[in-house]
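# Breakdown of the fold
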Amino acid sequence: MKAILRALLGRWLVVAISVAACLIGGLVVIATSPPRYKGTARVVLDYIQPDPTTGAVLPSKMLDAYIMSQVNLIRDFQVTGPAVEALGFVDNPDIQAAYYANPPADGRDLHSWIAAQVGAAAGGSMIEDSNILEIAYIASSPELAASVADALRAAYTESSAAQTRRAAEERAAALSARVEASKRSLAQLEAMQNRLEDQTGISMSESGRDEEAAKLESLMRRGRAPLILDGPRESAASILLGQMDAEIAQASNTLGPNNPRLAAMQRRRAGLQAQVDVERQRTASMANLVVASEQAAAAQVQQQMNRVLDAREPTLRLRLLQDEINRQRTSINDMTEAVIQARTLSAANTSTTTPIGPAEAEKEPVFPNKPLILLGSAGLGLVGGSLLAIFVELMGRRIRAARDLEAATRVRVLAEIPDYSRPRRRRPRRTQRAEAPPKDKQPLEPAMAAE
């Protein structure tokens, strides 16, 4: 590093000339370059909200790519083209003269050429810690820069709305095609279900339950109902019969067998006995009827169960068909609602961008930036001059120190002779006394040093 510094100090004139030349070039650029002004217009990007067409939310990993695509969209012809039309650049005679004076080599028309020129001077950037996109344009005057930036913002907002409408129309068309395909598939499934029901005699409801299984469940629910039978209980006639037997037994002890009172009591007992026998026969017949009814219900349940078990395979097929039919119907209803929403969105002027504030232009030109150009020119000249000085030093190297001599001759240096031809800086008297050599020790003569 010290060798490089010594070489730069030795070639300081080369460095100075390079810096001066670059500064002169920077001054020429400042003097000859027309001023350029920056105009800005801002829009809010609603990427935080779900997409109005698909309902999807932009993931954070795709945010940088989305912002870059929006910045590139500002320079695209679908934005710059409507902007130059709105500004009247296509009908401007000066711009037309510039186009026809030097037509582009790629064969672009006037409109595309002007849009490309505007796109080259346009740009965009996100404001830090916000979702606001700033559209910028560089022009020769503040008014022109502000007007072009405003036109670019309007065209960008309209392009975003048109893109949303176009995406909604495409989604509506795609969903309509899917709805028609689903309806055809649903019709085939319903026809298949009807044929299978005709073949098996089993009817399947929309909930996926067949009539035979529903009948079996109803029979089992009715069979599981508790049967409450009145236990044996004494009726009024039987109670009276018991009391009559007690009275007859008591009267037999005091009355004779031919006593009219005892005979009347016996006749009355016979009538009560007949009534009790009738009641007992009626109770027995009712119990037999209930038992027979329960047996018939159990037989009916068993018969229905056998019928359901025998139809397990076709019932399962019908249930699967009904589930698929229900799924297809739900899907058709959802897609139909999505088609209606997409068609409504395609007819509305909905955009994912919102303009905020008026377009503004800076009063001070952004180019030429005099401090930046001068500092950049000086830095460029310093770097270029240093490299040129090192190159010149390498082409004609000089010995500027003992290390350079050792590197050139590969001989160790024993001593260095001071150059008394150059005026030496006078040191303070106190230091000179302290460092003065003795009188008997004088420096070596040049001739001895040469030997």
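The model shown is predicted, which means the values in this text are computed figures rather than measured ones.

### Considering the confidence of the model for the chain
Low pLDDT means the predicted atomic positions in that stretch should not be read closely. Taken over all residues, the pLDDT of the chain has a mean of 78, while the share at 70 or more is 76%. Within the model, pLDDT remains below 50 along residues 430-451, and this stretch shows four contacts once partners closer than five positions in the same chain are excluded.

### Some remarks on the sheet that holds strand E4 (residues 353-361)
A sheet is described by the order of its strands in space; here four strands give the open sequence E2-E3-E1-E4, paired in antiparallel fashion. The sheet is open, and its two edges are formed by strand E2 (122-126) and E4, each paired on a single side. Adjacent strand axes in the sheet meet at a mean angle of 20°, parallel and antiparallel pairs treated alike. Bridge analysis of E2 against strand E3 (residues 132-139) gives five bridges, and the strand direction is antiparallel. Opposite Met 126, over in E3, you have Leu 133 as the bridge partner. Lying on the sheet, helix H6 (residues 110-121) is in contact with E2 and E3; it crosses E2 at an angle near 40°. Helix-sheet contacts for helix H7 (residues 142-200) involve strand E1 (37-45), E2, E3 and E4, and the interaxial angle to E1 is about 25°.

### Focus: the packing of aromatic side chains
Remark: the centre distance and the inter-plane angle together describe each pair of aromatic rings, the angle taken between the planes. Counted by the stated rule, this structure contains two aromatic pairs. Residues Tyr 99 and Tyr 100 carry aromatic rings whose centres are separated by 5.0 Å and whose planes lie at 75° to one another, so their mutual orientation is edge-to-face. A residue is classified by how much of its surface remains accessible, and Tyr 99, at 10% relative accessible area, is buried. Ring centres 5.5 Å apart and planes at 55° place the aromatic pair Tyr 99 and Trp 113 in the tilted group. Of this pair, Tyr 99 sits in helix H5 (residues 93-101) while Trp 113 sits in helix H6, and the two are 14 residues apart along the sequence. The buried category is assigned to Trp 113, whose relative accessible area is 15%. Members of the aromatic cluster, connected to one another through ring pairs, are Tyr 99, Tyr 100 and Trp 113.

Parameters at a glance
Residue positions are given per chain, counted from 1 along the sequence in the order it is written. Since the coordinates come from a predicted model, pLDDT governs what is reported: local features require at least 70, and pairs of side-chain atoms require 80 or more to be given and counted, while whole-chain, interface and lining totals use all residues. For the side-chain quantities, the full set of heavy atoms in the structure was used; hydrogens and water were omitted. Scored between 0 and 100, pLDDT is the confidence that the predictor attaches to each residue. Pairs of residues are marked as contacts when any of their non-hydrogen atoms sit within 4.5 Å. A pair of strands counts as paired when DSSP detects no fewer than two bridges linking them. Where helices and strands are cited, they refer to DSSP runs of H or I of at least four residues and of E of at least two residues respectively, numbered from the N terminus. Every axis in this analysis is a line fitted to C-alpha atoms, fitted for helices over the stretch in contact. Angles between the N-to-C directions lie between 0 and 180 degrees. Between 30 and 60 degrees the pair is tilted, below 30 it is stacked and above 60 it is edge-to-face, where a pair is any two Phe, Tyr or Trp rings, Trp via its six-membered ring, whose centres lie within 6.5 Å. Relative accessibility decides the category of a residue: with a 1.4 Å probe and only protein chains considered, values under 20% of the type maximum give buried, values over 50% give exposed, and everything between is partly exposed.

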